[in-house]
Amino acid sequence: MKYGVFIQTNHKQITGAIVAEHALRRYSRHNELFDVTIMDTRDYPYFAAREGQSYLRDGVKRVWLNEDLQSFTPTRFMPPELMGYEGRAVVIDPDVFAAVDIWELLSRDMQGKAVMARMRSGPKGYIDKMVASSVMLLDCSKLTHWKVEQQFNAMFDSAWDYQPWIGLKTEDPETIGFLENEWNDFDKLSLETKMLHTTRRKTQPWKTGLPTDWRPAEKFRAFPPIGWLMRARRHVFGEYGLLGNYKVHPDKHQELFFFGLLKECVEQGKISEDFLRNEMRQNHVRHDAFEVLARTPDLPPPDRHPLSGMQAKAA
């Protein structure tokens, strides 16, 4: 059987994607059994072809911007096609960082399911029953109906809605199984965390202080007036108007984990200093990244969880 891990990204999140690949390789004892592929939207021309066009998102017309922080999200449905609809795949966002051996997930019993993932948190999960497709285990042979370019283009004809697609509402519920939350731990790093997802975009550790470059939702089931205000803000002040800057991550351990991984990438030549400086100039990486790296302690060895002993170092 073929096995692959796929990391979604665009040009704005490429640093995170490279660090995510490093984490996968760092913590695995089975690296010879699977490939890792970074899926960059720049490699798929149909994304650029739709720049500035209106598409359907949660029943609301939005403008497709490849400059948006999360313009990569449709690529999460590409692995089955890239695998020739054979074998197993794990797909992750570029802000998901393994803390254990990914082989444990790749090789688990899927009990006949086509997709395994966790539920979303908040109203999207509890009210809308949407699945968090940001980390998925896939049986590619059962997903031959995933045709990303075709489905992506259908959003612009109002024949396909982004939100139910991303939340797996377009899938037969019987084909979906559920992972433990630790495989997609939302902004929580504990000794039980298997993959950390820094999903609160406002506090991603490598973005602190930069201008906000992601667009908030405009539909809130729990309190619709928030959505009305968000739409009014966009119409009056522009896509990113009044959104402010990225904030300091509230959990020092998560910052230490990310920068510990980034430090190793620089030391091992996976990310050059010139590359990092260029990312800083483009406002993709915080401008004090080298100062943060200089004060970041080494991570524990790969046979230990990254949080082990970190409390003392953070103090």
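First things first, this report covers the structure right here in the doc. (Residues numbered from 1 in each chain as written. Predicted model: local features only at pLDDT ≥ 70, side-chain atom pairs only at ≥ 80, totals over all residues. Heavy atoms only, no water.)

### A closer look at helix 9 (residues 252–267)
For an α-helix the count is 3.6 residues per turn, leaving residues at separations of three or four pointing the same way.
And step 1. The end-to-end C-alpha distance of helix 9 is 22 Å, a good match for the 22 Å that 16 residues give at a rise of 1.5 Å each.
And step 2. Within helix 9, 13 of the 16 residues are buried, which leaves the element mostly enclosed by the surrounding structure.
And step 3. The distance from a side-chain oxygen at the start of helix 9 to the backbone nitrogen of histidine 253 is 3.0 Å, and the residue carrying that oxygen is aspartate 251. (Helix = DSSP H or I, 4+ residues; strand = E, 2+ residues; numbered from the N terminus. Expected span 1.5 Å × (residues − 1). Buried < 20%, exposed > 50% of the residue type's maximum accessible area, 1.4 Å probe, protein only. Polar contact = N/O pair within 3.5 Å; in protein donor to acceptor, adjacent residues only side chain to side chain.)

### Re the environment of alanine 23
And step 1. Relative to the helices and strands, alanine 23 is located in helix 1 (residues 14–27).
And step 2. Take alanine 23: its relative accessible area is 0%, and that puts it in the buried class.
And step 3. Once the C-alpha coordinates of alanine 23 and phenylalanine 97 are considered, the two residues, 74 residues apart in sequence, prove to be 5.9 Å apart.

### Quick look at the sheet that holds strand 6 (residues 96–98)
And step 1. Within the open sheet, the 3 strands sit side by side as 6-11-10. Their pairing is mixed. Of all strands in the sheet, those bounded by a partner on one side alone are strand 6 and strand 10 (185–186).
And step 2. Here strand 10 pairs with strand 11 (residues 195–197) via 2 bridges, running parallel. Within strand 11, the position partnered with phenylalanine 186 by the bridge is histidine 197.
And step 3. Of the strands in this sheet, strand 6 and strand 11 touch helix 9, which is tilted by about 75° from strand 6. (Pairing = 2+ DSSP bridges. Contact = heavy atoms within 4.5 Å. Axes fitted to C-alpha atoms, helices over the stretch in contact; angles between N-to-C directions.)

### Brief notes about the nonpolar core
And step 1. Membership of the largest hydrophobic core comes to 52 residues, with the highest contact counts inside it found for Ile92, Phe97, Ile102, Met195 and Phe257.
And step 2. Residue contributions to this core peak at 8 residues, all from helix 1.
And step 3. The residues touching isoleucine 92, leaving out its near neighbours within four places in the chain, are Phe6, Ile7, Gln8, Ala20, Leu24, Ser134, Val135 and Met195. (Core = buried A, V, L, I, M, F, W, Y, C linked by side-chain atoms within 4.5 Å.)

### Remarks on the environment of leucine 189
And step 1. Position of leucine 189 among the secondary structure elements: in the loop between strand 10 and strand 11.
And step 2. Judged by relative accessible area, which is 9%, leucine 189 ranks as buried.
And step 3. Along the sequence, leucine 189 and proline 306 sit 117 residues apart, while their C-alpha atoms lie 9.2 Å from each other.
And step 4. Setting aside its immediate chain neighbours within four residues, leucine 189 contacts Leu196, Asp251, His253, Gln254, Phe257, His305 and Leu307.

### Considerations on the pairing of strand 2 (residues 35–40)
And step 1. Here strand 1 (residues 3–9) pairs with strand 2 via 6 bridges, running parallel. The residue of strand 2 that forms the bridge with threonine 9 is aspartate 40.
And step 2. Note that the unit made of strand 1, helix 1 and strand 2 has a crossover that is right-handed. (Right-handed = clockwise from strand over helix to strand, strands pointing away.)

### Observations concerning the sheet that holds strand 8 (residues 131–139)
And step 1. What the 6 strands build is an open sheet, ordered 2-1-5-8-7-9; its pairing is mixed. With one partner strand each, in any of the chains shown, strand 2 and strand 9 (176–178) form the two edges of the open sheet. Neighbour to neighbour, the strand axes of the sheet diverge by 30° on average, direction disregarded.
And step 2. On the sheet, helix 1 packs against strand 1, strand 2 and strand 5 (88–92) and is oriented at approximately 170° with respect to strand 2.

### Side note on the pairing of strand 8
And step 1. In terms of burial, strand 8 is a largely internal element, 9 of the 9 residues being buried.
And step 2. Relative to strand 8, strand 5 runs antiparallel, the two being bridged by 5 bridges. Within the sheet, the bridge partner assigned to valine 91 lies in strand 8 and is methionine 136.
And step 3. With 4 bridges joining them, strand 7 (residues 115–119) and strand 8 adopt antiparallel strand pairing.

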